[in-house]
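Residue strings, one per chain:
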Amino acid sequence: MPDPSSPWQSEAVFNPSVVEHGGKLHLLFRATGPNRMVDGREVEVSTIGHAVGTNSADFKGPREELIVPDEPWERFGCEDPRVTEFEGKFYVFYTAVSEFSPDGIKVALAVTKDFRTIEEKHLVTPFNAKAMALFPERIGGKIAAILTVNTDRPPSRVCIALFDRIEDMWSPAYWNDWYAHLDDHAIDIERNDNKDHIEVGSAPVKTKEGWLFFYSYIFNYFSPPPTFGIQAALLDLKNPRKIVGEVKRPLLVPQEEYECYGRLPRIVFPSGALIKGQNVHLYYGASDTTCCVATFGLRALLARLKFTAERELVRSDKNPVIVPDPKHSWESLATFNPAAIYEGGKVHILYRAMSADNTSVIGYASTRDGVTIDERLPEPVYVPRADFEMKRIPGGNSGCEDPRITKLGNTLYMCYTAFDGKDPPRVALTSISVDDFLARRWGAWALPKLISPAGKDDKDAALFSKKIGGKYVFLHRLGSEIWIDRVDDLSFADGKELFGTILMHPRDTAWDSKRIGITAPPIETRYGWLLLYHGISRRTGHYNVRAALLDLRDPAKVLYRTRDPLFEPKTPYEKNGIVPNVVFPCGAAVVRGTLFVYYGGADKVVGVASIDIDTIVEGLVKEAERDDDL
């Protein structure tokens, strides 16, 4: 906390970094007091303080000012230290401010042996940069550092710098050559959007799985209001430019009172990390006012980092596999959001197709290997037939949308969204025998019936592939949640409609905060029903795909759901289309142990991504077992 009795730290103490030495913890932190006059201007000037503690949260002893602005290149402040013990000395990188402009914000270095005397100070980067930290040991014989380049000339880049000698760290010749080849040094940390910002947090700490470091990910930084989050990555022990594991959604966002209120509210900013026993202590600044620490179980955190990397769906290099065909008016505008069923040695794909007047029908394609389209029919296999899906507004959206298909016995049941362009969309149900389907007797589709409540926006429905407890079980999306319902039969006579109870809510801290809905029908595995679902963040508007495990005997019981996405928009055909930044699966098929997921990209094309099904299911089980430790 700030100390009102000590002027240099009376306003704020924040963004702490920590190092352990001789059984004690040394905490360095940014401190501010009353504004000062510098070059005729009254400004806030930061200095760097030092405190000693005996455990991760106890730094109640005396604090001393350690690094103060005494060079022209830091006359407006010394900010945000990162300290590392390296070969007998403590190296403290910090932000040196000579002007309040990008050219005046650079990295500097102070060196000490005892935290009492600064032996030397150097201006490090000749270009705009912040947030630099030293690795605690050489890598391949090289001195290694991680830093953030162009922090004030976005987009920022997180990069690795390797040095032969200590003196190279402040050599202008070294840095000019290094900066000229910036792409060769960057770490591929993805952004969801060019409005977001990333910055190095803690100095890397060594684990058996890789170099663990925390970083700041700020959503909408360049399009306020921003959302600050803390994320983590594992870097390869021998090649720190290589990411071997990461979490793609925040481990921490502002929630506590001291994180939401302060000089700059709703900020959590990582700046230090320490491993003690089986725990990781993360040090961060809250609201640019106080120093804080959060603790994670090391085993659980490493498992989550590795699992996130291992379980991502892999796109086919043949994507997009289905695109609009201008020769067919019914599918000339868009082909997307496909259902899928594996039957007769091939995957049958039923995709939503749109004409120029925004009427949706359902087209057909098939693949034997799960990816290569062997056949695609020139006419739709299902078209609007009932009043509730006929166009009521000329040029507006209408028709049969987003099918999901399930096999029970010798019948295929298809749920889809029926929309007339005026009333709220509702769930419709139709069916066809397997024999008629394979023989392509499309006239055999049963007349559709509406099975969701009138006047309510209800979509994303699918039927489980077997009765459970003597009941047919449906999932559907009513409002922003996924609902589950059980019915005695599929006739939906006497006014019966889907309703049921909520299965899963959106989660603000997991970034599926705006709305969630199922993708493909649930898949039965020995561990539970695997449910892939899509989530939309209210902060970014991006769609992403996640997973949950439901109990085999009682699917209303959610055994586990992932925090991080398995899949999210990355490619041009997912980012650019009728609706940008969308991946929207409606179908999945398991073929010889591989799970193929069929999805719409940007409401325009069909893509396919795959993963070994055991990898995702067993990974979910393992993560669920460790979840309580995180």
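Structural data are supplied above this passage.
Visitor: Got a minute to help me understand the overall build of the protein in this structure?
Guide: Looking only at helices and strands, the protein has six helices and 42 strands in total. Computed over its C-alpha atoms, the radius of gyration of the protein comes to 28 Å, within 12% of the 25 Å expected for a compact globule of 630 residues. Based on the C-alpha atoms only, the size of the protein along its principal axes is roughly 85 × 50 × 45 Å. With 630 residues in all, the protein has 60% of them scored as buried.

Visitor: When you look at the packing of aromatic side chains in this model, what are you seeing that I'm missing?
Guide: Two numbers describe a pair of aromatic rings. These are the distance of the centres and the angle of the planes. Tallying each qualifying case throughout the model produces 26 aromatic pairs. On the basis of an interplanar angle of 35° and a centroid distance of 5.6 Å, the ring pair of Phe 213 and Tyr 215 is categorised as tilted. For Phe 213, a relative accessible area of 0% translates into the label buried. Taken together, the aromatic side chains of Phe 127, Phe 163, Tyr 174, Trp 175, Trp 178 and Tyr 179 make up a single cluster linked through ring pairs.

Visitor: Would you take a moment to explain unusual backbone geometry for this structure?
Guide: Glycine aside, residues mostly have negative phi, and peptide bonds are mostly found in the trans state. Note that the residue after Pro 154, namely Pro 155, is joined by a cis bond; omega there is 5°. Along the polypeptide, Pro 155 turns up in the loop between strand 12 (143-149) and strand 13 (157-163). Residue Pro 320 follows Asn 319 across a cis peptide bond; omega there is -10°. Examined against the element boundaries, Pro 320 turns out to sit in the loop between strand 22 (314-315) and strand 23 (334-343). Phi is positive for Asn 15, close to 50°, though the residue is something other than glycine. Mapping Asn 15 onto the fold places it in strand 1 (residues 12-21). Unlike most non-glycine residues, Asp 80 shows phi in positive territory, near 50°. Looking at where Asp 80 falls in the secondary structure, it is placed in strand 7 (residues 78-86).

Visitor: Can you walk me through the sheet that holds strand 9 (residues 105-112) in this structure?
Guide: By way of backbone hydrogen bonds, the strands of a sheet pair with one another, either parallel or antiparallel. Reading across the sheet, the four strands line up as 7-8-9-10 and stay open at both edges, with antiparallel pairing between neighbours. The sheet terminates laterally at strand 7 and strand 10 (118-123), the two strands that pair on one side only. On average, each strand axis in the sheet is tilted by 20° relative to the strand beside it, whichever way the strands run. The pairing of strand 7 with strand 8 (residues 89-97) spans seven bridges and is classified as antiparallel. Opposite Cys 78, over in strand 8, you have Ala 96 as the bridge partner.

Visitor: Can you help me understand the sheet that holds strand 21 (residues 290-297) in this one?
Guide: Judged by pairing direction, the sheet is antiparallel, and its three strands sit side by side in the order 19-20-21 without closing on themselves. Edge positions in the sheet fall to strand 19 (268-276) and strand 21, since each has one partner strand and no second. Neighbour-to-neighbour, the strand axes of this sheet turn through a mean angle of 25°, independent of strand direction. In the sheet, strand 20 (residues 279-286) pairs with strand 21 via eight bridges, with the strands oriented antiparallel. The residue of strand 21 that forms the bridge with Val 280 is Phe 296.

Visitor: Please clarify how the pattern of salt bridges should be interpreted in this entry.
Guide: When the charged atoms of two side chains lie near each other, side chains of opposite charge can form a pair. The final tally for this structure, using the stated rule, is 36 salt bridges. With a closest N to O distance of 3.8 Å, Arg 116 and Asp 114 form a salt bridge. We classify Arg 116 as exposed; its relative accessible area is 68%. With relative accessibility at 30%, the residue Asp 114 sits in the partly exposed group. The closest approach of N and O atoms between Lys 570 and Glu 312, which form a salt bridge, is 4.0 Å. With a gap of 258 residues between them, Lys 570 in the loop between strand 39 (558-561) and helix 5 (572-575) and Glu 312 in the loop between helix 3 (298-310) and strand 22 connect regions that are remote in the sequence. Put simply, Asp 39, Arg 41, Arg 75 and Glu 99 are held in one network by salt bridges that share partners.

Visitor: When you look at the pairing of strand 28 (residues 411-419) in this model, what are you seeing that I'm missing?
Guide: If a strand is regular, its side chains alternate between the two faces of the sheet. Summarising burial for strand 28: eight of the nine residues are buried, a large majority. Two strands pair when backbone bridges link them, and strand 27 (residues 398-408) and strand 28 are joined in this way by eight bridges, in the antiparallel orientation. Bridged to Gly 399 within strand 28 is Phe 419. Count of turn residues in the strand 27/strand 28 antiparallel hairpin: two residues, of which Gly 409 carries a positive phi of about 60°. Both strand 28 and strand 29 (residues 426-433) contribute to a ladder of eight bridges, which runs antiparallel. Within the sheet, the bridge partner assigned to Met 414 lies in strand 29 and is Thr 430.

Visitor: Looking at this model, I keep getting lost on the environment of Ser 355. Mind explaining?
Guide: Position of Ser 355 relative to the elements: it lies in the loop between strand 24 (346-354) and strand 25 (359-367). Put simply, Ser 355 and Tyr 573 are 218 residues apart on the chain and 19 Å apart in space, counted from C-alpha to C-alpha. Excluding its chain neighbours within four sequence positions, the residues that come into contact with Ser 355 are Ser 329, Trp 330, Ser 332 and Leu 333.

Visitor: Is there a simple way to explain helix 1 (residues 172-180) in this structure?
Guide: Helical geometry: 3.6 residues make up each α-helical turn, so side chains three or four residues apart lie on a common side. Those residues of helix 1 lying buried are Tyr 174, Trp 175 and Trp 178. Projected onto a plane normal to the axis of helix 1, the buried residues spread over an arc of 90° and lie on a single side. The exposed set on the far side of helix 1, more than 90 degrees from its buried face, consists of Ala 173 and Ala 180. On the buried face of helix 1, the contacting elements are strand 11 (129-134), strand 12 and strand 13.

Visitor: What is the right way to read the pairing of strand 32 (residues 472-478) from this model?
Guide: Of all seven residues that make up strand 32, seven are buried, and the element is covered over most of its length. Side chains of strand 32 alternate between two faces, with Tyr 472, Phe 474, His 476 and Leu 478 and Val 473, Leu 475 and Arg 477 buried alike. In the sheet, strand 31 (residues 458-463) pairs with strand 32 via four bridges, with the strands oriented antiparallel. Bridging across to strand 32, Leu 463 finds its partner in Phe 474. Relative to strand 33 (residues 481-487), strand 32 runs antiparallel, the two sharing seven bridges. The residue of strand 33 that forms the bridge with His 476 is Trp 483. Here strand 32 hands over to strand 33 after two residues, with Gly 479 in that stretch at a positive phi of 70°.

Visitor: Help me out: how do you make sense of the environment of Gly 201 in this one?
Guide: Among the structural elements, Gly 201 can be located in the loop between strand 14 (197-200) and strand 15 (205-207). In this structure Gly 201 comes out as buried when scored by relative accessible area, which is 0%. For Gly 201 and Leu 282, which are 81 residues apart along the polypeptide, the C-alpha to C-alpha distance reads 9.8 Å. If sequence neighbours within four positions are ignored, Gly 201 has contacts with Arg 82, Phe 214, Tyr 215, Ser 216, Pro 270 and Ser 271.

Thresholds, definitions, all that
- Residues numbered from 1 in each chain as written.
- Predicted model: local features only at pLDDT ≥ 70, side-chain atom pairs only at ≥ 80, totals over all residues.
- Heavy atoms only, no water.
- Helix = DSSP H or I, 4+ residues; strand = E, 2+ residues; numbered from the N terminus.
- Rg over C-alpha atoms; globule rule 2.2 N^0.38 Å.
- Buried < 20%, exposed > 50% of the residue type's maximum accessible area, 1.4 Å probe, protein only.
- Phe/Tyr/Trp six-rings, centres within 6.5 Å; stacked < 30°, edge-to-face > 60°.
- Pairing = 2+ DSSP bridges.
- Axes fitted to C-alpha atoms, helices over the stretch in contact; angles between N-to-C directions.
- Salt bridge = Lys/Arg side-chain N within 4 Å of Asp/Glu carboxyl O.
- Contact = heavy atoms within 4.5 Å.
- Arc of directions from axis to C-beta.

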